[in-house]
Every structure is written in C-alpha cells, then in structure tokens.
Amino acid sequence: MNFAGRMNSFILRGDKDLYDTIDTYHKVPGITHLEFNYPEHIKKYDLEKIKEHIGDMKVNGVAMRFKAPFINGEFTNPDEKVRREAIDLCKEAIDVCRELKGEVVTVWQAYDGFDYPFSVNYEEAWEKMVSAFREICDYAADDIKISIEYKPYEPRNYAMLDGAGTTLLMIKEVGRENLGMTLDICHMLMKHDNPAMYAAIALKQGKLFGLHLNDGYCAMDSGLIFGTVNLPQCIELVYYLKKYDYKGTLFFDTFPIRECVEAEVSQNISMVKKISDAIDKIGMDEIERIISSHDGVEVNKLLMNMLI
Ligand SMILES: [Mn+2]
C-alpha cells in the first residue's frame with residue numbers, strides 16, 4: 001500500500017521547515033509518497049533543493065491552496081482577471097507536479113461558493129467552472145491527472161462543489177479523461193455522504209483519483225486518526241478499496257496538534273493495515289455474501305467477528 005502524510009502536520013508546529021519535514025518522512029516506516037501544497041510549499045522554497053531532499057521517495061502530487069486574492073471565488077470569480085490567475089496558478093502547479101514526477105494535481109476550491117442568497121448566478125458560475133476545468137485538464141494533457149476535492153462548506157457557508165454527487169456531475173460535464181475526484185472522509189461526513197458508497201461508485205467509473213483518510217464527528221473538518229470515530233464506515237471503505245484493488249496513494253489528511261506527529265502518522269498506517277487484515281481474515285467472498293443478504297443483524301455479526 002502507498003501512504004503519504006501531511007506536510008503541515010510538522011510545519012505548522014513551528015519547529016520544522018519543508019526540507020526537515022521531507023527528511024523526517026523518509027524515516028517514518030510505511031510512508032512511501034510525498035504530497036505538496038501549491039503555492040504554499042513550493043514558492044517559499046528552492047525547487048532544486050526540494051528535489052534533493054525528496055531523493056528516492058516518490059511524489060504523489062501537488063494540492064492547490066488558494067488564498068488571499070481568491071476570496072471571492074477561484075474559477076467562479078466575477079473578476080475575470082482574478083479568475084484567470086486561479087487557472088494560471090493551476091497550470092503552474094501542473095508544471096511543478098511534472099517536475100517533481102508526481103501524478104495528480106488536487107484542486108480544492110476553497111472559495112468557489114457563496115454566503116448570501118442572491119449573491120451568485122449559479123448557472124453562470126457552473127459554466128465558468130466547466131470551462132476552467134476543461135482548460136486545466138487540457139493543459140495537463142495525458143500525463144497529469146486533475147482531481148477535484150470537494151468540501152461542502154468552510155470557509156464559505158456553501159461550496160459550489162459541495163458533495164460527491166455534484167462533483168461527479170461536474171466531472172461528467174467537463175468530459176475529460178484526466179479529471180476525477182479526491183474523497184476526503186471528513187468532508188464526506190460533513191455532507192452526510194457515506195465514504196464507501198461514493199468510493200465504490202467513483203472506483204467503478206475509474207474516477208477515484210485520490211483519497212484523504214481521516215475521521216471526525218461530521219460537523220467540522222476534524223482531521224482525527226482514521227477509524228477512531230466511525231470505525232464501521234472506515235472498514236467498509238477499505239473493503240471497497242480492496243474490491244477494486246485501489247493502487248493510489250492513501251494520504252492522511254489529519255491534524256495532530258497535541259499528538260507526537262510521527263506516532264500519529266504511524267497509528268494511521270497501522271489502522272489501515274489492521275482493518276485490511278481483519279477483512280482478509282473474513283474473506284472478500286464472505287463479506288460480499290453478507291452484503292447481498294441486506295440483513296442488518298448479519299452485518300452486525302460481521303463487524304463483531306472483525307473486532308474479535
Ligand atoms: Mn483533504
């Protein structure tokens with residue numbers, strides 16, 4: 001399995017910069033890939049020096065972090081000049097992703113949303129997103145994937161791409177092979193989207209381009225250790241990853257603020273592996289049989305067997 005940890009888990013603690021963080025991830029057992037925020041982790045640093053520190057580690061990709069000039073929207077910004085800057089920033093991220101030998105640019109549109117009724121022309125905003133994604137996907141051509149990470153709200157009260165269904169609709173309308181979806185469990189829980197259900201649908205369509213593993217209590221983007229709150233749903237998600245033999249990188253989008261970061265990352269890896277082992281012990285065929293029984297009691301027995 002491929003695993004990546006979050007750079008900011010170390011950087012935001014204040015005692016490590018990006019280079020130290022890369023060096024530290026080299027030493028965390030199980031971590032195979034690195035993932036960078038753009039422009040956040042790249043512009044302040046030297047790209048050649050970053051590559052030196054990456055060494056023999058693999059890079060999964062680059063994730064867009066839109067800040068100050070985009071607070072009124074990225075691809076839906078009413079100011080065409082700002083909208084253009086957002087698209088160009090994605091193209092820069094694609095260049096950096098290529099340079100670092102990454103595979104996917106993740107796009108979280110923090111500000112393409114709204115706060116007040118009557119403050120956005122929804123049809124026009126939708127069209128602006130479709131055309132922006134087409135341009136970005138065409139620039140990425142066939143060597144880089146573009147993956148939409150939806151989040152239902154925060155920092156806006158409403159996001160335009162607010163759920164898995166809306167995101168899949170956007171992907172379908174854009175109609176580009178290299179456009180897919182990144183599912184973040186906390187974001188899904190905030191929307192009341194069941195992680196396994198949309199992972200299964202996206203996997204079936206070949207559109208699951210990224211996974212952000214974490215856990216939480218639904219109301220906020222909690223960023224807790226995978227499987228610590230909604231364990232049955234997390235087990236169900238891993239079952240579908242195994243069913244479709246998912247080969248992508250599992251990125252832990254968690255926020256160890258009080259915990260030892262290395263220990264927290266290791267615990268996430270250990271949780272995924274333990275769940276995977278528990279599934280193997282029962283067997284995929286047996287789980288499939290229980291699913292097809294549509295029997296809540298049988299399902300509960302399955303969970304109990306997994307936990308013993
Ligand atoms: Mn995420």
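An account of the accompanying structure is given in this report. The written sequence of each chain sets the order in which its residues are numbered from 1. In view of the model being predicted, local features appear only for residues whose pLDDT reaches at least 70, and side-chain atom pairs are presented and counted only at 80 or more, with totals across whole chains, interfaces and linings using the full set of residues. Heavy atoms throughout the structure, all of them, feed into the side-chain values; hydrogens and water do not.

1. What about the pairing of strand E2 (residues 33–38)?
Thinking step 1. Here's how the labels work: a residue is buried when its accessible area is under 20% of the maximum for its type, exposed when over 50%, partly exposed in between, all with a 1.4 Å probe on protein chains only. Strands here mean DSSP runs of E at least two residues long; helices mean DSSP runs of H or I at least four residues long; both are numbered from the N terminus. Burial of E2 is extensive: six of the six residues sit out of reach of the surface.
Thinking step 2. Burial of the side chains of E2 extends over both faces: His33, Glu35 and Asn37 are buried on one face and Leu34, Phe36 and Tyr38 on the other.
Thinking step 3. Crossover handedness is defined by viewing with both strands directed away from the observer: a clockwise path from the first strand over the helix to the second marks the crossover as right-handed. You can see the chain leave E2, run along helix H3 (residues 47–54) and come back into strand E3 (residues 58–64), and the turn it takes is right-handed.

2. Concerning the coordination of the manganese ion
Thinking step 1. Sites may look incomplete because water is not among the atoms; the donors themselves are N, O and S atoms within 2.8 Å of the metal, or within 3.2 Å for Na, K and Ca. Taken together, Glu149 (OE), Asp184 (OD), His212 (ND1) and Asp253 (OD) make up the protein donors of the manganese ion, found 2.0 to 2.2 Å from the metal.
Thinking step 2. For the manganese ion, the donor residues sit on a single chain with the sequence spacing E-x34-D-x27-H-x40-D. On the criterion of sequence distance, the pair formed by Asp184 in strand E8 (residues 179–184) and His212 in strand E9 (residues 208–213) is long-range, its members being 28 residues apart. Pair check on accessibility: Asp184 and His212 agree, each one buried.

3. Section: the packing of aromatic side chains
Thinking step 1. Only centres within 6.5 Å qualify two rings of Phe, Tyr or Trp (six-membered ring in Trp) as a pair; their planes then separate them into stacked at under 30 degrees, edge-to-face at over 60, and tilted for everything else. By the definition in use, this model includes nine aromatic pairs.
Thinking step 2. Taken together, a centroid distance of 5.2 Å and an interplanar angle of 85 degrees make the contact between Tyr19 and Tyr45 edge-to-face. On the criterion of sequence distance, the pair formed by Tyr19 in helix H2 (residues 18–26) and Tyr45 in the loop between E2 and H3 is long-range, its members being 26 residues apart. Tyr45 carries the same exposure label as Tyr19, and that label is buried.
Thinking step 3. Pairing Phe114 with Tyr158 gives two aromatic rings, centres 4.9 Å apart and planes at 5 degrees, and the pair type is stacked. One end of the pair, Phe114, is in strand E5 (residues 113–114); the other, Tyr158, is in strand E7 (residues 158–159), with 44 residues separating them in the sequence.
Thinking step 4. Following the ring pairs from residue to residue traces out a cluster consisting of Phe66, Phe70, Phe75 and Phe133.
Thinking step 5. Cation placement over rings: the criterion is NZ of Lys or CZ of Arg within 6 Å of the ring centroid and within 35° of the ring normal. Its guanidinium or amino end placed over the ring of Tyr139, Arg98 lies 5.9 Å from that ring's centre, counting from NZ or CZ.
Thinking step 6. Cation over ring: Lys145 sits above Phe209, and NZ or CZ is 5.0 Å from the ring centre.

4. Concerning the pattern of salt bridges
Thinking step 1. Criterion for a salt bridge: a side-chain nitrogen of Lys or Arg within 4 Å of a carboxyl oxygen of Asp or Glu. Evaluated as defined, the whole model comprises 20 salt bridges.
Thinking step 2. Residue Glu99 is joined to Lys51 by a salt bridge in which the shortest nitrogen-to-oxygen separation is 2.6 Å. With Glu99 in helix H4 (residues 80–99) and Lys51 in helix H3, this pair connects stretches of sequence that are 48 residues apart.
Thinking step 3. The shortest N-O distance in the salt bridge between Asp115 and Arg156 comes to 2.8 Å. On the criterion of sequence distance, the pair formed by Asp115 in the loop between E5 and helix H5 (122–140) and Arg156 in the loop between strand E6 (145–149) and E7 is long-range, its members being 41 residues apart.
Thinking step 4. Each of Arg84, Asp88, Lys91 and Glu135 takes part in salt bridges that share partners, so that together they form one network.

5. Thoughts on the packing of helix H8 (residues 195–204) against helix H9 (residues 231–243)
Thinking step 1. Note on geometry: axes are lines fitted to C-alpha atoms, helical ones only across the stretch in contact, with angles between N-to-C directions running from 0 to 180 degrees. Where H8 meets H9, the closest approach of the two axes is 8 Å, and the angle between their N-to-C directions is 15 degrees. Comparing the axis directions of H8 and H9 gives the class roughly parallel. As H8 packs across H9, the resulting crossing turns out to be right-handed. Side by side, H8 and H9 meet where Pro195, Ala196, Ala199, Ala200 and Leu203 of the first sit next to Gln233, Glu236, Leu237, Tyr240 and Leu241 of the second.
Thinking step 2. By residue class, the composition of the contact of H8 with H9 is eight nonpolar, one polar and one charged. We call two directions roughly parallel when the angle between them is under 35 degrees, roughly antiparallel when it is over 145, roughly perpendicular when it lies between 65 and 115, and oblique otherwise. The sense of a crossing depends on the near helix, which, turned anticlockwise from the far helix by less than a right angle, makes the crossing left-handed and, turned clockwise, makes it right-handed. Any two residues having at least one pair of non-hydrogen atoms within 4.5 Å are treated as being in contact. Residue type decides the class: Asp, Glu, Lys and Arg count as charged, Ala, Val, Leu, Ile, Met, Phe, Trp, Tyr, Cys and Pro as nonpolar, and the leftover types, Gly among them, as polar.

6. Considerations on H9
Thinking step 1. By this rule, a helix spans an expected 1.5 Å times one less than how many residues it contains. Look at H9: 18 Å from first C-alpha to last across 13 residues, which is about the 18 Å you get at 1.5 Å a residue.
Thinking step 2. Those residues of H9 that fall on the buried side of the exposure criterion are Cys234, Ile235, Leu237, Val238, Tyr239, Tyr240 and Leu241.

7. Here we look at the state of the cysteines
Thinking step 1. The rule for a disulfide is simple: a pair of cysteine sulfur atoms within 2.5 Å. Summed over the entire model, instances satisfying the criterion amount to zero disulfides.
Thinking step 2. Not engaged in a disulfide, the cysteine Cys90 finds its nearest cysteine sulfur in Cys137; these two sulfurs lie 9.8 Å apart.
Thinking step 3. We classify Cys90 as buried; its relative accessible area is 0%.

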